[in-house]
Amino acid sequence: MLQAVRLMEAADVCVALYDDQDRLRYANRAFRAAWFIEEGEHPLWSELMRRNFHARRGTVIKVENFEAWLASTISRRGKAGFRAFETDLHDGRWLWMTETTQDDGWMLCVASDITSIRPDERALWQDRDDAIKASHTDELTGIPSRRFVMAKLNDLLAMRDEGNVNGLHWGPVGCIAVLDIDNFKYINDRFGHSVGDAVLKDFAATLQSYVRKTDVLGRVGGEEFVLILPNTTAENAEVIVGRMLEAVRLSRPLPDQVSFRYTFSAGIACAERNEKADDLYRRADLALYAAKMRGRNQISLDTAARVG
């Protein structure tokens, strides 16, 4: 292990390790130099990006609203087992970065200098990455889109199936929660679509603050959102969504109308053996319907058991 650390310290590639809270736990010499990190320092990724953005160093981030960019990026960061992309540095270098994330949320980042690639090819790669990012992001709220969420749900079930084939006995595969803002049509009709949009943005931001690094929250259409909770029991899923429910009750999305408030309802279902994504989603959606029928502003757990 000591020899491995020595080799990484001497390497020209950038190497870093983040824990399940997205706090930097290790960075080699090259990584510390590129992102201006003191030896022995352990900042959160969000803190590192924020301070470098304001100091105009490290990663080049060309946005008008940095905090909105940061929130949107955090909502997708670490949600894939492996991701590769290009990034620019203020010192003129262009890096090829990979992120490898374990099921427990720990992430290994490795970046190599690819500045020598031709400018025209570089522009083509960047256009491709921008297009992929746009397809994976809900334009209004900045959180993952339906396409991204459903892909992650299929990934979750594929991991479950792989474990069954290999005879592995893991813990709970996980749950999904379908979340729907209560009386949203009335909000739009009564207060206008600008208020409706403000509610959607507030809802996404409020919930995102309770999303763990291993979870995925996305908007799947209108006022409906989906939360994927890997390796989570129904009981723990209910606790997490319950905290979100209370936070939304206390939220005031309209600064000039402090009396305005809103709520949401949720249906939770846990993955079962040999189940398809559409069936799991349907069970969570039926649980949501039950919550609505019971008066809204609450959580309903799917209790239907399948055999097979």
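Use the structure listed above.
This one's a predicted model, so the numbers in the text were calculated from it and none came from an experiment. (Residues numbered from 1 in each chain as written. Predicted model: local features only at pLDDT ≥ 70, side-chain atom pairs only at ≥ 80, totals over all residues. Heavy atoms only, no water.)

A. Main features of the pairing of strand β5 (residues 107-113). Relative to β5, strand β1 (residues 14-18) is paired through five bridges, and the arrangement is antiparallel. Directly across from A16, in β5, lies its bridge partner C109. Here seven bridges tie strand β4 (residues 94-101) to β5, and the two strands are oriented antiparallel to one another. By the bridge assignment, T100 is partnered in β5 with L108. Counted between consecutive antiparallel strands, the loop separating β4 from β5 contains five residues, among which G105 sits at a positive phi close to 95°. (Pairing = 2+ DSSP bridges. Helix = DSSP H or I, 4+ residues; strand = E, 2+ residues; numbered from the N terminus.)

B. Representation of the sheet that holds strand β10 (residues 299-301). Strand order across the open sheet formed by five strands is β7-β8-β6-β9-β10, with mixed pairing between neighbours. The open sheet is flanked by β7 (216-221) and β10, the only strands paired with a single partner. Between one strand axis and the next, the sheet turns through 20° on average, direction left out of account. Pairing between strand β6 (residues 174-181) and strand β9 (residues 264-270): seven bridges, direction antiparallel. Bridge pairing in β9 links C175 to C270. (Axes fitted to C-alpha atoms, helices over the stretch in contact; angles between N-to-C directions.)

C. Examining the nonpolar core more closely. The biggest cluster of nonpolar side chains holds 31 residues, and the ones touching the most others in it are L179, F203, F225, L227, V241 and F264. Elements represented by at least two residues in this core include exactly β6, α7 (184-191), α8 (193-208), β8 (224-230), α9 (234-250) and β9. If you look at the next biggest cluster of nonpolar residues, it comprises 24 residues, including C14, W35, F66 and A111. (Core = buried A, V, L, I, M, F, W, Y, C linked by side-chain atoms within 4.5 Å. Buried < 20%, exposed > 50% of the residue type's maximum accessible area, 1.4 Å probe, protein only.)

D. Up close: the state of the cysteines. If you walk through the whole model with that rule in mind, you get one disulfide. Paired through a disulfide, C175 and C270 show a sulfur-sulfur distance of 2.0 Å. Classification of the bridge connecting C175 and C270 rests on its S-S torsion, roughly 60°, and on that basis the disulfide is right-handed. Of this pair, C175 sits in strand β6 while C270 sits in strand β9, and the two are 95 residues apart along the sequence. (Disulfide = S-S within 2.5 Å.)

E. Seen up close, the pairing of β4. Among the eight residues that make up β4, six are buried, leaving the element largely enclosed by the rest of the structure. In the sheet, strand β3 (residues 82-88) pairs with β4 via seven bridges, with the strands oriented antiparallel. Its bridge partner lying in β4, E86 is registered against W96. Two successive antiparallel strands, β3 and β4, enclose a turn made up of five residues, where G92 displays a positive phi of approximately 100°.

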